[in-house]
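Chains, contacts and geometry: an overview
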Amino acid sequence: EENRKVQVKRIHFIGNKFGKDAVLHSVMQTQQGDAFSWLTQAGTYRADVFAGDVELLSSFYLDNGFIHVQIEPPKVALTRDKRSIVITVNIIEGEQYRVSTVDLKGDLPGEGLKFPPPDDIDKKKLEEINRQRGELLDTLVVKPGEVFSRSKIGQDIVRLTERFSNDGYAFANIYPLTDVDEDKRTVGISFDVQKGQKVYIERINVRGNSITRDKTVRRELDLAEGDLFSGEKLKRSRENILRL
């Protein structure tokens, strides 16, 4: 017995102080029903979509410094007339945290350069390590003193990965390490870089070009067989072919 569809009459938040109701509603895909629900499909309840909404709410708080946020399993109740449902979401926000320090460790782009450097390193190499480290830190979005944001850390992982790929390290791995100070409510962030081995282009295959000749396509490539891999050159080559 399917019975009629039920609509979301209300989404009720409990325990939210930082995140106002209107802001939390805007984050979610599931919306409260209204007079135009038959046209916009707003108010339709789907359990799988709402499970994703819980993750979106958690991401919202993690991007605003609430690293210990807890969102309890929502309670879904059917109204007496069995035509709509009311969803109650209990949120335990916790305290807001800020970034105390941002640093790098592990491999640097230059050959044999690592941070922190060994004690017996010569002065010239130490200067190069500090220069490389400073350049990388300047490119990062996360800065000391600002509110902790998980999405910014994700952006910086992408930035660092692209930076190393342009130097031939196609399979570099970046691991974010955090040091939480519960008393000061701060988080120290360190990106651990493992760049791996340099990668060279062995072969470039051109497929699917039933009209355009291979040599015409290859003229647009910024990479050639035998070249050191470069993520930026690969991206530029694709753009050149699309323009062609």
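Structure first, text after, so check above.
Report on the accompanying structure. (Residues numbered from 1 in each chain as written. Predicted model: local features only at pLDDT ≥ 70, side-chain atom pairs only at ≥ 80, totals over all residues. Heavy atoms only, no water.)

**Some words on the side chain of S230**
Here S230 lies in the loop between α6 (214-218) and α7 (231-243). Given a relative accessible area of 7%, S230 falls into the buried group. Contact partners of S230, with chain neighbours within four places excluded, come to S165, N166 and L223. (Helix = DSSP H or I, 4+ residues; strand = E, 2+ residues; numbered from the N terminus. Buried < 20%, exposed > 50% of the residue type's maximum accessible area, 1.4 Å probe, protein only. Contact = heavy atoms within 4.5 Å.)

**Notes on the packing of aromatic side chains**
By the definition in use, this model includes five aromatic pairs. Plain terms: the ring middles of F18 and F66 are 5.0 Å apart, the flat faces sit at 50 degrees to each other, and that makes the pair tilted. With F18 in the loop between β1 (7-14) and α1 (21-27) and F66 in the loop between α3 (47-62) and β2 (70-71), this residue pair connects regions lying 48 residues apart in the sequence. Taking 6.4 Å as the distance between ring centres and 65 degrees as the angle between the ring planes, the aromatic pair formed by F164 and Y169 counts as edge-to-face. For F164, a relative accessible area of 0% corresponds to the buried category. Judged by relative accessible area, Y169 falls into the buried class, the value being 2%. Three or more aromatic residues joined by ring pairs make a cluster, and in this case those are F18, F60, Y61 and F66. Positioned above the aromatic ring of F115 is the side chain of R133, whose terminal nitrogen or guanidinium carbon lies 4.3 Å from the ring centre. (Phe/Tyr/Trp six-rings, centres within 6.5 Å; stacked < 30°, edge-to-face > 60°. Lys NZ or Arg CZ within 6 Å of the ring centre and 35° of its normal.)

**Some thoughts on the layout of surface pockets**
In this model, the largest pocket occupies a volume close to 200 Å³. Lining the largest pocket are I201, R203, I204, N205, V206, V217, L221, L223, L234, S237, R238 and I241. Looking at the lining of the largest pocket, its residues break down into eight nonpolar, two polar and two charged. (1 Å grid on protein atoms, 1.4 Å probe; cavity = no way out; pocket = protein on both sides within 12 Å on 5 of 7 lines; lining within 4 Å. Points joined across faces, edges and corners; volume = space filled by probe spheres on them. Nonpolar A, V, L, I, M, F, W, Y, C, P; charged D, E, K, R; others polar.)

**Some remarks on the packing of helix α4 (residues 123-139) against helix α5 (residues 150-165)**
Contact geometry for α4 and α5: axes closest at 10 Å, N-to-C directions at 135 degrees. In terms of orientation, α4 lies oblique with respect to α5. Note on packing geometry: the crossing formed by α4 with α5 is right-handed. Touching Q132, L136 and T139 of α4 are D156, R159, L160, R163 and F164, all from α5. (Axes fitted to C-alpha atoms, helices over the stretch in contact; angles between N-to-C directions. Parallel < 35°, antiparallel > 145°, perpendicular 65-115°, else oblique. Left-handed = near helix turned anticlockwise from the far one by under 90°.)

**Describing the nonpolar core**
The biggest cluster of nonpolar side chains holds 24 residues, and the ones touching the most others in it are V102, F148, L160, I189 and F191. When residues of this core are traced back to their parent elements, those giving at least two are β5 (98-107), α4, α5 and β8 (186-194). In terms of residue count, the dominant contributor to this core is β8 (four residues). In this structure I189 touches V99, T101, V102, D103, V142, F148, I153 and L177, once residues within four positions along its chain are discounted. L57, V69, I85 and V89 belong to the second largest nonpolar core, which has 17 residues in total. (Core = buried A, V, L, I, M, F, W, Y, C linked by side-chain atoms within 4.5 Å.)

**Section: the pattern of salt bridges**
Counted under the stated rule, the structure contains nine salt bridges. A salt bridge links D167 to R163; its shortest N-O distance comes to 2.7 Å. D167 sits in the partly exposed class, given a relative accessible area of 23%. For R163, a relative accessible area of 28% gives the class partly exposed. In this structure, D222 and R236 form a salt bridge, with 2.5 Å as the shortest nitrogen-oxygen distance. With a gap of 14 residues between them, D222 in the loop between α6 and α7 and R236 in helix α7 connect regions that are remote in the sequence. Linked by salt bridges that have partners in common, E128, R131 and E135 make up one network. (Salt bridge = Lys/Arg side-chain N within 4 Å of Asp/Glu carboxyl O.)

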